[in-house]
Amino acid sequence: MQNSKLIQEVDVEIPGFTTIGIIGGAGQMGQWFKEYFESLGHTVLISGRKTELTWQDLAEQCQVVIISLPLDVSIDMARQVGPLMNKDQLLMDMCSMKHDICQAMKESTQAQVIGTHPLFGPSTAGMAGQNVIVCPMGEGPWLPWLESQLEAKGAVVTITDGYTHDRNMAVVQALTHFMTISFGETLLQLGVDPKEIRPYATPIFRLKLGLLGRMFAQDTELYRNLICKNPMASEVLDQFLSSANEVKNNICHAPEIMTAIDAFLGTFPEQGMIESDACLETLAKFKERAM
């Protein structure tokens, strides 16, 4: 993590409690962060399609303005709200991609710019233990403030640049969701009904079915965009398909494949066992509802 103490401060006084504006604050993530910042004592104003306050009002009245909108809309909004803000303010976003939106904010405003990506959804109960990526665009005093606000209730903050973030998201999000969608497509083509196969499910397979159902119980367009709108995803998915074909062709007569992966993972399997055991124990206690 980059040490925020190395960020050179400019002459901006940040009060203990701040007025924060969330553009798109009526959405689920906007509401989540509205409640979060209010729990820390800040005043939070929101704007949306049906609110009396507009995004122009937030730029005028708030010291911190957060854009909580889909990526394409966020880039357009950054270019509109940015020029209305001054050097004493902070402009942020919460998009799943960082490079393009951070550049758009930086090019559009005199305010300090920090991109963020909360790596959790609005159904998350609290901030404790949750990963949050922070991408500061330049120097300024708002970074230590933001770190302190996120860490106040236990977030794990990682500071990086937009390129590194997007590269990692090609694995963490695009590859993960691609595998889940491919799993669903395989069941579809085989004609395997999840309801009918559940009596045969091992705990691991049951967990995979749960993740498949979780995806398709939500906004599937969001997941599709996480794959299609990350310019670095194609390379990662090509490698996955190549690796899958390599395993398919050699797994039964080339045990060195498993040996090489085991060596690459090092001590991680022990941690993986602990974390996956906790998930499976929770799943075992879950009483299924009638489907």
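Note that the coordinates shown come from a computational prediction; the quantities given were computed from them, not determined experimentally.

Peer 1: Describe the overall build of the protein, listing the residues and the values that go with them.
Peer 2: The helix and strand tally for the protein stands at 12 helices and seven strands. In the protein, which comprises 291 residues, the proportion classed as buried is 38%. When the 21 positive and 34 negative side-chain charges of the protein are each reduced to one mean point, those points stand 8 Å apart.

Peer 1: Can you break down empty space enclosed by the protein residue by residue, with the values?
Peer 2: Tallied over the full model, the rule gives one cavity of 30 Å³ or more. Estimated volume of the largest cavity: approximately 40 Å³. Phe-33, Phe-37, Met-92, Met-94, Thr-116, Pro-118, Val-132, Leu-146 and Leu-150 together form the lining of the largest cavity. For the lining of the largest cavity, the secondary-structure elements that each account for two or more residues are helix H1 (28-39), strand E5 (112-118) and helix H5 (142-151). Grouping the constituent residues of the lining of the largest cavity by class yields eight nonpolar, one polar and no charged.

Peer 1: Residues and numbers for the packing of helix H6 (residues 162-190) against helix H10 (residues 233-250), please.
Peer 2: Between H6 and H10, the least distance of the axes is 9 Å, while the angle of their chain directions is 55°. Overall, the two elements H6 and H10 adopt an arrangement that is oblique. Relative to H10, H6 is oriented so that their crossing is right-handed. Between H6 and H10, the contacting residues are Arg-167, Ala-170, Val-171, Ala-174, Leu-175, Phe-178 and Met-179 on the first element and Ala-233, Glu-235, Val-236, Leu-237, Phe-240 and Leu-241 on the second. Looking at the contact of H6 with H10 residue by residue, the class counts come to 11 nonpolar, no polar and two charged.

Peer 1: Requested: an account of the nonpolar core, with residues and values cited.
Peer 2: Phe-33, Met-127, Val-134 and Leu-150 are the most contacted members of the largest nonpolar core, which has 28 residues in total. Taken together, the elements giving at least two residues each to this core come down to strand E1 (19-23), H1, strand E2 (43-47), strand E3 (64-67), strand E4 (90-93), strand E6 (131-137), H5 and strand E7 (156-159). Beyond its immediate chain neighbours, meaning those up to four positions away, Met-127 contacts Trp-32, Phe-33, Tyr-36, Phe-120, Val-132, Leu-150, Lys-153, Gly-154 and Ala-155. Grouped together as the second largest cluster of nonpolar side chains are 26 residues, Cys-62, Leu-71, Val-81 and Met-169 included.

Peer 1: How would you explain the sheet that holds E1 if you had to name every residue and give the values?
Peer 2: Taken in spatial order, the seven strands line up as E2-E1-E3-E4-E5-E6-E7 in an open sheet, and their pairing is mixed. Where the open sheet ends on each side, the last strands, each with one partner, are E2 and E7. Across the sheet, the axes of successive neighbouring strands diverge by a mean angle of 25°, strand direction being ignored. Where E6 lies against E7, four bridges are found, and the strand directions are parallel. What sits directly across from Asn-131, in E7, is Val-156. Each of E1, E2, E3 and E5 touches H1; the most contacted strand, E2, lies at about 165° to it. Set on the sheet, helix H4 (residues 99-108) makes contact with E4, E5 and E6; between it and E5 the angle comes to about 160°.

Peer 1: Talk me through the pattern of salt bridges; I want residue IDs and the actual numbers.
Peer 2: Under the defined criterion, the tally for this structure stands at six salt bridges. Glu-38 is the salt-bridge partner of Lys-34, the closest N and O atoms lying 2.7 Å from each other. Remark: Glu-38 and Lys-34 occur in helix H1; sequence separation between them is four residues, near one turn of the helix. Across the salt bridge formed by Lys-98 and Asp-93, the nearest N and O atoms sit 2.8 Å from each other. Considered together, Lys-98 and Asp-93 belong to a single accessibility category, that of buried residues.

Peer 1: Just give me the short version of the confidence of the model for the protein, but keep the residues and values in it.
Peer 2: For the protein, the mean per-residue pLDDT works out to 92, and 93% of the residues sit at or above 70. pLDDT under 50 marks residues 1-10. Its contacts with residues more than four places away, or in other chains, come to 16 contacts.

Peer 1: Explain a nonpolar patch on the surface to me, and be specific about the residues and the numbers.
Peer 2: The grouping of Ile-261, Phe-264, Leu-265 and Phe-268 at the surface amounts to a nonpolar patch, some 430 Å² of accessible area in total. Looking at which element gives the most residues to the nonpolar patch, the answer is helix H11 (residues 256-265), with three residues. You can see Phe-264 is positioned in helix H11. Taking the relative accessible area as the measure of exposure, Phe-264 reaches 70% and is therefore exposed.

Cut-off values and rules
- Residues numbered from 1 in each chain as written.
- Predicted model: local features only at pLDDT ≥ 70, side-chain atom pairs only at ≥ 80, totals over all residues.
- Heavy atoms only, no water.
- Helix = DSSP H or I, 4+ residues; strand = E, 2+ residues; numbered from the N terminus.
- Buried < 20%, exposed > 50% of the residue type's maximum accessible area, 1.4 Å probe, protein only.
- Lys, Arg positive; Asp, Glu negative; His and termini not counted.
- Charge placed at Lys NZ, Arg CZ, Asp CG, Glu CD.
- 1 Å grid on protein atoms, 1.4 Å probe; cavity = no way out; pocket = protein on both sides within 12 Å on 5 of 7 lines; lining within 4 Å.
- Points joined across faces, edges and corners; volume = space filled by probe spheres on them.
- Nonpolar A, V, L, I, M, F, W, Y, C, P; charged D, E, K, R; others polar.
- Axes fitted to C-alpha atoms, helices over the stretch in contact; angles between N-to-C directions.
- Parallel < 35°, antiparallel > 145°, perpendicular 65-115°, else oblique.
- Left-handed = near helix turned anticlockwise from the far one by under 90°.
- Contact = heavy atoms within 4.5 Å.
- Core = buried A, V, L, I, M, F, W, Y, C linked by side-chain atoms within 4.5 Å.
- Pairing = 2+ DSSP bridges.
- Salt bridge = Lys/Arg side-chain N within 4 Å of Asp/Glu carboxyl O.
- pLDDT = per-residue confidence, 0-100.
- Patch = residues over 30% accessible without salt bridge, like charges linked within 9 Å, V, L, I, M, F, W, Y side chains within 5 Å.
- Areas by Shrake-Rupley, 256 points an atom, 1.4 Å probe, with all protein chains shown as cover.

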